[in-house]
Each structure stands twice: as C-alpha cells, then as structure tokens.
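Residue-level structural notes
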Amino acid sequence: MSFARGSVGRRTMLRGATGLGALLLVSACGTERGAPVRLAAGESGGFFWEFAGLLAAAADRSGAPPIRPRRSGGSAENLDALAEGSADLAMSLSDTAIERANPQLTALGCVYENYFQVAVRADSGIATIADLRGRVVSVGAPGSGAAGLSERVLVAAGLDADRDIRPVRQTMRDAGSALATGAVDAVMWAGGLPTPAFTDLRVPIALLDLGGVVAALRREHGPAYEPVRIPADIYGRHPAVTTVGVANLLLARRDVPDATAAAVVDLLLDDSAHLVPSQAIGSQFLDAQSLILTGPIPLHPGAAREYRRRHG
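A brief look at the structure comes next. (Residues numbered from 1 in each chain as written. Predicted model: local features only at pLDDT ≥ 70, side-chain atom pairs only at ≥ 80, totals over all residues. Heavy atoms only, no water.)

Okay, the packing of helix H8 (residues 258-270) against helix H10 (residues 301-311) next. Where H8 meets H10, the axes come as close as 7 Å, and the angle between the chain directions of the two elements is 45°. Taken together, the axes of H8 and H10 lie oblique to each other. Our pair here, H8 against H10, has a crossing hand that is right-handed. Together, Asp258, Ala261, Ala262, Val265, Asp266, Leu268, Leu269 and Asp270 of H8 and Pro301, Gly302, Ala303, Arg305, Glu306, Tyr307, Arg309, Arg310 and His311 of H10 make up the contact between the two elements. Taken together, the residues of the contact of H8 with H10 sort by class into 8 nonpolar, 2 polar and 7 charged. (Axes fitted to C-alpha atoms, helices over the stretch in contact; angles between N-to-C directions. Helix = DSSP H or I, 4+ residues; strand = E, 2+ residues; numbered from the N terminus. Parallel < 35°, antiparallel > 145°, perpendicular 65-115°, else oblique. Left-handed = near helix turned anticlockwise from the far one by under 90°. Contact = heavy atoms within 4.5 Å. Nonpolar A, V, L, I, M, F, W, Y, C, P; charged D, E, K, R; others polar.)

So, in structure tokens, the structure goes:
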C-alpha cells in the first residue's frame, strides 16, 4: 500500500508549538485514568520526541491514560523496546517497522511524514550524492531508522556504504556541530522540516537532491518511499530539492489493552490541531483517511474498532 500524499507545495503550512518541557507534565500515577503508557520516542529535539510530548500533553488534558515518552536513538531502538516489553507504544519510520514486523507489532496510526535529508556545507563543492565518495559522512544515530535508510539511499545511488564513504554514527545535534566545524563532510538524517539541530549552524548549508534515487528505492524495497519536495530556504538560503519521504507510524504492542489503544486513537482524531510539531511545515496526516494507512503493519484491534466506530 502506497503512502503517497502529493507534493509539499499543495500542503498546508503548519505553525510551531510550545516547548516540550512544559508538555511533558503528565500525571504521576493515574489510578482514575488507567495505567501509564510507556512511549519509546526519539532524540531530544527530534520530530519523534516533539510529537510524543504533544501526545502526552493531549492525554493529560483529556483524561486518557497518561503517556510517558522516553528518549531513544530512534526507530530501531524503539522497535527493540516494544519487542522486549520495555515500551508499550513506539514511534518508527514505516520502512524500519515493515522490515522488522512480527506478530506482536501493531499500529495505532500513520501520523506524519519524515523527510530524509542530506546536508553539506555550501562551500564544500559537493553537488550530488555521488560526490560523497571518499568523504566523511554522518549516517544517523545508533539505533535510528535513518542509519538503515542512509545505507539504502547510498546503494540506490551506486555507492557502497562501507567502502565508498567513511561513515560515522552521530546524534543529529552532534552531526550538526560536526558539519559546522568541518569534522564531517555531509550529514544524513530523517526528520521534520526544519529539523532544529540544523537551523542555526552559523555556516551556510545546502541540501542534496535525491529525486534520482526514489525509483530505485521503490523497486528494491517497496512503496514505503515516495518523492517529496523540500521548499527553498528551510535552512538559510538554498534551493528547493526533491528528497525521499517515508511515513511515521505510531506503533503498539498487540497486548496493549483495547481501551488504551482506542483512547489514543481518540486523541489522534479529536486533538489533531494540538499534535502538530513545529517541524511539520510539510504535511500533516492527522485525518481519519490517512491515519489508517499503515501498510502491511496491521492496526491494533482496539484501534481498528475505534476507527470503525467513529467513521464506519
């Protein structure tokens, strides 16, 4: 099932939300609201972490079971947490979830799109992804879905991720600092627009156009990937580029109670206006039609029943 949504140019431009610190003031015990729900999120300052904070605040306002976001390296680490039972819910890129699907893995909704981005210093002389040959490239944080997608993008461009570049694994904030100082030549990551770690580097940066690799990614790995447009001047002065879009899924263990899954679905449907991260200037998927497009990852039974009850 395709996750295609059309070009960014036709999408609603969204505005920012308040800081995450105030949003994580969730209830400590919740005897009336139900047991706390552990949500494996992502890096501080990243899209997953910001959305998780907004969702936790919505739960607190509504009286739904309290949601407790937990920091992580990203999609792969979050899926590990679900598998071992140390998290109840998790954020993940759809391609990582599809690759690691198991009978315990279900979805509560397809919430937003992530943009795979490759940034270089504007004065680097690097104009295409092929120019990364021989360069030091930050390919994503350990435990992130971006690390796996970086390798796929490089292969689709005809590069070997181990032999043709010098890969390093860093958090987004460390990678942004390394790019600014010249310690790395390029940074690859998946995030929203703009990703905060790259908005104030104090050096001009450019984004590489990846439109030429999307078809190869889809042929090799299926329709989880789509071409999406990044508008000009998201990070200072740079032209618009086409890149790789991949949906974000909100996942749940199958043994999460049906009532809890239904309560989270209600938050996604009823409080969507307050669940828009500041990094979401492209498109937001928080409507009934898009939320259920979780591809081969089945909806949690409680979530499926709630979507049917609410929208037929």
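Looking now at the environment of Ala122. Positionally, Ala122 belongs in the loop between strand E4 (105-121) and strand E5 (136-138). Take Ala122: its relative accessible area is 48%, and that puts it in the partly exposed class. Along the backbone, Ala122 and His238 are 116 residues apart, and their C-alpha atoms lie at a distance of 8.6 Å. Aside from chain neighbours lying at most four places away, what touches Ala122 is Pro204, Ile205 and Ala206. (Buried < 20%, exposed > 50% of the residue type's maximum accessible area, 1.4 Å probe, protein only.)

Attention now goes to the packing of aromatic side chains. This model, assessed by the stated rule, comprises 4 aromatic pairs. Ring geometry for Phe47 against Tyr112: centres 5.4 Å apart, planes inclined by 70°, an arrangement best described as edge-to-face. On the criterion of sequence distance, the pair formed by Phe47 in helix H2 (residues 47-62) and Tyr112 in strand E4 is long-range, its members being 65 residues apart. This pair shows no difference in class: Phe47 is buried, exactly as Tyr112 is. With a centroid separation of 6.2 Å and an interplanar angle of 75°, the aromatic rings of Trp189 and Tyr235 are classed as edge-to-face. In this pair, Trp189 sits in strand E7 (residues 186-191) while Tyr235 sits in the loop between strand E9 (225-230) and strand E10 (241-253), placing the two residues 46 residues apart along the sequence. (Phe/Tyr/Trp six-rings, centres within 6.5 Å; stacked < 30°, edge-to-face > 60°.)

Once that is clear, we can look at the nonpolar core. One finds Leu55, Leu132 and Leu268 to be the most contacted residues of the largest nonpolar core, which totals 63 residues. It is H2 that contributes the most residues to this core, 10 residues altogether. Beyond its immediate stretch of four places on either side in the chain, Leu132 contacts Val118, Ile126, Val137, Leu154, Leu159, Asp164, Ile165, Ala186 and Leu208. Among the nonpolar cores identified, the runner-up in size contains 22 residues, and Leu179, Ala180, Val228 and Val241 belong to it. (Core = buried A, V, L, I, M, F, W, Y, C linked by side-chain atoms within 4.5 Å.)

This part takes up the packing of helix H5 (residues 145-156) against helix H7 (residues 214-221). Viewed as axis vectors pointing N to C, H5 and H7 meet at an angle of 110°, and their least axial separation amounts to 9 Å. In terms of their interaxial angle, H5 and H7 are classed as roughly perpendicular. Crossing angle aside, the handedness with which H5 passes H7 is right-handed. Contacts between H5 and H7 pair Arg152, Val153 and Ala156 from the former with Ala216, Leu217 and His221 from the latter. The class makeup of the residues in the contact of H5 with H7 is 4 nonpolar, 1 polar and 1 charged.

Moving on: the side chain of Asn248. Secondary-structure assignment places Asn248 in strand E10. For Asn248, a relative accessible area of 0% puts it in the buried group. Here the side chain of Asn248 touches Asn114 through a polar contact of 2.6 Å, side chain to side chain. Aside from chain neighbours lying at most four places away, what touches Asn248 is Phe47, Phe48, Met91, Ser92, Leu93, Gly109, Cys110, Val111, Tyr112, Glu113 and Asn114. (Polar contact = N/O pair within 3.5 Å; in protein donor to acceptor, adjacent residues only side chain to side chain.)

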